[in-house]
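Reading the structure
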Amino acid sequence: MDGGSCALWLSGVRAGYGKAPVLNGLSLSVKKGEHLAILGENGAGKTTLFRAILHLLPDIAGTIRVLGRDVKSREDGAWVRSRVGYVPQGQGKGRLPISVFEAVMLGRWGKSFSYFRRPGARDRELTAEILDVVGLWDLRDKDCRALSGGQTQRLHIARALVREPQILLLDEPTTYLDDASRDVLARLIDQVRKKWPLTMLMIIHDWQYARRLADRAVYLRRGRIEECLEVV
Amino acid sequence: MSIGEYLQVPIFQRALLAALVAGGTVSLLGVVIVMLNLTTMRFALMHMALLGGAAGLAFGASPLAGATAAIVLGSLFLGPFSERLRLDAGITGAFFMTGSIALAFVLFYKAGVPALDVFGLFTGSLLSLSRDDLLAVAGLGAAILLVYACLFREIQLVFYDPEQAEWLGVPAKRIKNALLFLTGLSIGVAMKVVGALLIDALILIPAMTAMRLSRSLLQILVLSSFFGTAAAAGGLLISMALDMPSGAAITLTGVCLLGLSVFIRR
Ligand SMILES: Nc1ncnc2c1ncn2[C@@H]1O[C@H](COP(=O)(O)OP(=O)(O)OP(=O)(O)O)[C@@H](O)[C@H]1O
Ligand SMILES: [Mg+2]
């Protein structure tokens, strides 16, 4: 298989931050529309895998094919980042006074506005639609710094979705969330799935939770995919 | 003399114009100091200005020319320098602050530079501004407005989420360095207008007042500019009416506005 029909195809990927590579001959393929859960111990390289997919690491060896395109150069990286949404691990609230609406709309920077091009009607419509989906429409004028942990997490997901990504990478979306908020998040992900045919990769520590949201789960150990766990 | 009579005199007219322009624009960089954590950096730039002033005197130039040159160089290099060494801008600032003040003392001693001449930099005055100074202030003000007008969304994103800004392709580092450079130039202007020890009155205090009352970056900018103008022009007029040093009057006006905002917000 060459990964032509896959959303994501990685083969023999070695990457890291300096001397010893964190990802060590990692191979993985994800079908279009599939929801994949990634499990693994702290420090196994899960976040590093996401950074490799987004071409945010200094040197990457092996093949990474995203939506059918081999990612090698800086331009490829930019191409990928305009099609892949990314919600990093442990995002804070920031220090700038900014409304929920503006924060989400800023996620579209580089898509349809930048420098001299101001955000237009399309940006506002899309922002409103996404806020509605994640259930933050009523809080649209609220200062982001005054949101609860669960609301903040939904805000960050909205900031990724507003870029109309084909692939969404969620890095531990459930940390800091209580059971009720996890439930809200799970229903949100279901809803997103119904609305858009997204491919989704989620780093999740909770196996039960992974089973609920994903079609398939993989276990990452020492920079490789160790086992594929079937989700029934 | 009454205020009306003062304002017939070209020197005072020029001072008022400079207060309006500098107060309205330089204050726009206060939010940069807060969001990019440049509080130590601005102290470092001030101390480098002192070193520059000493060097200027030692080489027979005016202390202000030396100080301005030092600030320009410092603000051009401090940002990229801390980036390169992966240091916090605050740490680099502290390093250069003590380093440059020590060098200045060596210069005072070795070159026999009279320290008091350099410390003259610590007191500025609106009334000492020349026509060229006024033009320089206006040029800087225009540059600040232009940067905010062209890069508003980019600056907003860099302040809100610098990491996302970076990977979305916003030239975050270049924007930060440009803002640091403008901040450096503004410190130079503020030294001339209110004196080195009172630069915060013009740059930081209006922004702090604005940030207490604002809910968005745009509001912060509009209010900073308003409070900056009010403090600078109001302070100048008060100094004429009550016969006070203008730098002190401007600072006290700014501090009063800040105090008032604390009160209002309650
Ligand atoms: N910026 C960095 N510079 C150098 N080394 C790093 C950096 N980020 C992570 N590492 C190292 O890479 C390894 C993998 O880190 P990674 O963040 O991918 O782990 P993870 O699986 O996401 O862990 P966690 O569950 O704690 O989030 C770790 O040993 C870590 O120390
Ligand atoms: Mg991680």
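In what follows, the accompanying structure is described. (Residues numbered from 1 in each chain as written. Chains lettered and ligands numbered in written order. Predicted model: local features only at pLDDT ≥ 70, side-chain atom pairs only at ≥ 80, totals over all residues. Heavy atoms only, no water.)

1. Observations concerning the overall build of chain A
The number of helices and strands found in chain A is seven helices and ten strands. Against the 2.2 N^0.38 benchmark of 17 Å for 232 residues, chain A shows a C-alpha radius of gyration of 17 Å, consistent with a compact globule. Each of the three principal axes of chain A carries a C-alpha extent, and together these read 45 × 45 × 35 Å. Relative to its 232 residues, chain A shows a buried fraction of 52%. Taking the contacts inside chain A whose residues are at least 6 apart along the sequence as the reference set, 69% of them involve residues at least 24 apart. Accessible area of chain A: about 10,500 Å², with a carbon and sulfur share of 47%. Distance between charge centres in chain A, computed from 37 positive and 27 negative side chains, equals 4 Å. (Helix = DSSP H or I, 4+ residues; strand = E, 2+ residues; numbered from the N terminus. Rg over C-alpha atoms; globule rule 2.2 N^0.38 Å. Buried < 20%, exposed > 50% of the residue type's maximum accessible area, 1.4 Å probe, protein only. Contact = heavy atoms within 4.5 Å. Areas by Shrake-Rupley, 256 points an atom, 1.4 Å probe, with all protein chains shown as cover. Lys, Arg positive; Asp, Glu negative; His and termini not counted. Charge placed at Lys NZ, Arg CZ, Asp CG, Glu CD.)

2. Looking at the pairing of strand β10 (residues 224-230) of chain A
Here strand β9 (residues 216-221) of chain A pairs with β10 of chain A via six bridges, running antiparallel. Note on β10 of chain A: the bridge partner recorded for valine 218 of chain A is cysteine 228 of chain A. (Pairing = 2+ DSSP bridges.)

3. Here's the deal with the sheet that holds β9 of chain A
Residue and element names in this part refer to chain A. Strand order in the open sheet formed by six strands is β6-β7-β8-β3-β9-β10, and the pairing between neighbours is mixed. Of all strands in the sheet, those with a lone pairing partner are β6 (84-87) and β10, marking the two edges. If you compare each strand with its neighbour and ignore which way they point, the axes differ by 20° on average. Strands β6 and β7 (167-171) of the sheet are contacted by helix α5 (residues 149-161), whose axis makes an angle of about 165° with β6. Against the sheet, helix α6 (residues 179-195) contacts β3 (35-40), β7 and β8 (199-203), and its axis sits at roughly 160° relative to β8. (Axes fitted to C-alpha atoms, helices over the stretch in contact; angles between N-to-C directions.)

4. What about helix α9 (residues 152-160) of chain B?
Burial within α9 of chain B is extensive, with nine of its nine residues counted as buried. All buried positions along α9 of chain B are accounted for by Phe152, Arg153, Glu154, Ile155, Gln156, Leu157, Val158, Phe159 and Tyr160 of chain B.

5. Regarding the interface of chain A and chain B
One frequently used descriptor of interface size is the decrease in accessible area upon assembly of the parts. Listed per partner, the contact involves 32 residues of chain A and 25 residues of chain B. Buried surface at the junction of chain A and chain B, both sides included, amounts to about 2,400 Å², of which 58% is carbon and sulfur. The largest per-residue losses of area from chain A upon contact with chain B belong to Leu96, Leu106 and Trp109 of chain A, which jointly make up 27% of the total buried on that side. At the boundary of chain A with chain B, the tally comes to two salt bridges. (Buried area = accessible area lost by both parts, 1.4 Å probe. Salt bridge = Lys/Arg side-chain N within 4 Å of Asp/Glu carboxyl O.)

6. Quick notes on the sheet that holds strand β2 (residues 23-31) of chain A
Residue and element names in this part refer to chain A. Pairing in this open sheet of four strands is antiparallel, and the strands run β2-β1-β4-β5 from one edge to the other. Looking at the sheet topology across the chains shown, the edges are occupied by β2 and β5 (69-70). In the sheet, strand β4 (residues 60-66) pairs with β5 via two bridges, with the strands oriented antiparallel. Bridge pairing in β5 links valine 66 to arginine 69. Across the sheet, helix α1 (residues 46-53) is in contact with β1 (6-15), β2 and β4; its angle to β2 comes to roughly 70°.

7. Section: empty space enclosed by the protein
The tally for this structure, following the rule as stated, stands at three cavities of 30 Å³ or more. What the largest cavity holds in volume is close to 50 Å³. Lining the largest cavity are Tyr86, Val87, Pro88, Gln91, His156, Arg159 and Ala160 of chain A together with Asp161, Gln164 and Trp167 of chain B. If one sorts the elements of the lining of the largest cavity by residue count, α5 of chain A sits on top with three residues. When grouped by side-chain class, the residues that make up the lining of the largest cavity number five nonpolar, three polar and two charged. (1 Å grid on protein atoms, 1.4 Å probe; cavity = no way out; pocket = protein on both sides within 12 Å on 5 of 7 lines; lining within 4 Å. Points joined across faces, edges and corners; volume = space filled by probe spheres on them. Nonpolar A, V, L, I, M, F, W, Y, C, P; charged D, E, K, R; others polar.)

8. A look at the pattern of salt bridges
Residue and element names in this part refer to chain A. Within this structure, the stated rule accounts for 18 salt bridges over all chains. For aspartate 143, the salt bridge goes to arginine 145, with nearest N and O atoms at 2.8 Å. The structure contains a network of salt bridges with shared partners spanning Arg108, Arg122, Asp123 and Glu164.

9. Let's talk about the coordination of the magnesium ion (ligand 2)
Think of it this way: four donors in a tetrahedron around the metal ideally sit 109.5 degrees apart, and six in an octahedron ideally sit 90 or 180 degrees apart. All names here are of chain A. Protein ligation of the magnesium ion (ligand 2) involves Thr47 (OG1) and Gln89 (OE1), the donor distances falling in the range 1.9 to 2.3 Å. One end of the pair, threonine 47, is in helix α1; the other, glutamine 89, is in the loop between β6 and α3 (100-106), and 42 residues separate them in sequence. According to the relative accessible area criterion, glutamine 89 is partly exposed, its value standing at 39%. (Donors = N, O, S within 2.8 Å, 3.2 Å for Na, K, Ca; no water.)

10. A look at the packing of helix α11 (residues 172-193) of chain B against helix α12 (residues 199-213) of chain B
How two helices sit against one another is set out by the angle between their axes and by the gap between those axes. Residue and element names in this part refer to chain B. At a closest axis distance of 7 Å, the pairing of α11 and α12 adopts a crossing angle of 130°. When the axes of α11 and α12 are compared, the pair comes out oblique. On the side of α11, the interface is formed by Ser186, Ile187, Ala190, Met191 and Val193, while α12 contributes Ile199, Leu202 and Ile203. In terms of residue class, the contact of α11 with α12 is made up of seven nonpolar, one polar and no charged. (Parallel < 35°, antiparallel > 145°, perpendicular 65-115°, else oblique.)

11. Notes on the environment of methionine 208 of chain B
Secondary-structure assignment places methionine 208 of chain B in helix α12. Along the primary structure methionine 208 of chain B and glycine 30 of chain B are separated by 178 residues, whereas in three dimensions their C-alpha atoms are 7.3 Å apart.

12. Digging into unusual backbone geometry
Residue and element names in this part refer to chain A. With a phi angle near 50°, leucine 67 is a residue other than glycine that sits in the positive phi range. Position of leucine 67 among the secondary structure elements: in the loop between β4 and β5. Overall, leucine 67 belongs to the buried group, its relative accessible area being 19%. Of note, the phi angle at glutamate 164 is positive, near 50°, even though the residue is not glycine. Within the secondary structure, glutamate 164 sits in the loop between α5 and β7. A residue is classified by how much of its surface remains accessible, and glutamate 164, at 37% relative accessible area, is partly exposed.

13. Focus: the packing of aromatic side chains
This structure, assessed with the given rule, holds seven aromatic pairs over all chains. Ring centres 5.7 Å apart and planes at 65° place the aromatic pair phenylalanine 105 of chain B and phenylalanine 108 of chain B in the edge-to-face group. Of this pair, phenylalanine 105 of chain B and phenylalanine 108 of chain B both sit in helix α6 (residues 89-110), three residues apart, roughly one helical turn. Classification of phenylalanine 108 of chain B as buried rests on a relative accessible area of 9%. A network of ring pairs unites the aromatic residues Phe50 and Tyr86 of chain A together with Trp167 of chain B as a single cluster. Over the face of the ring belonging to tryptophan 137 of chain A we find arginine 140 of chain A, whose NZ or CZ atom lies 4.1 Å from the ring centre. The lysine or arginine in question, lysine 195 of chain A, covers the ring of tryptophan 196 of chain A, its NZ or CZ lying 5.8 Å from the ring centre. (Phe/Tyr/Trp six-rings, centres within 6.5 Å; stacked < 30°, edge-to-face > 60°. Lys NZ or Arg CZ within 6 Å of the ring centre and 35° of its normal.)

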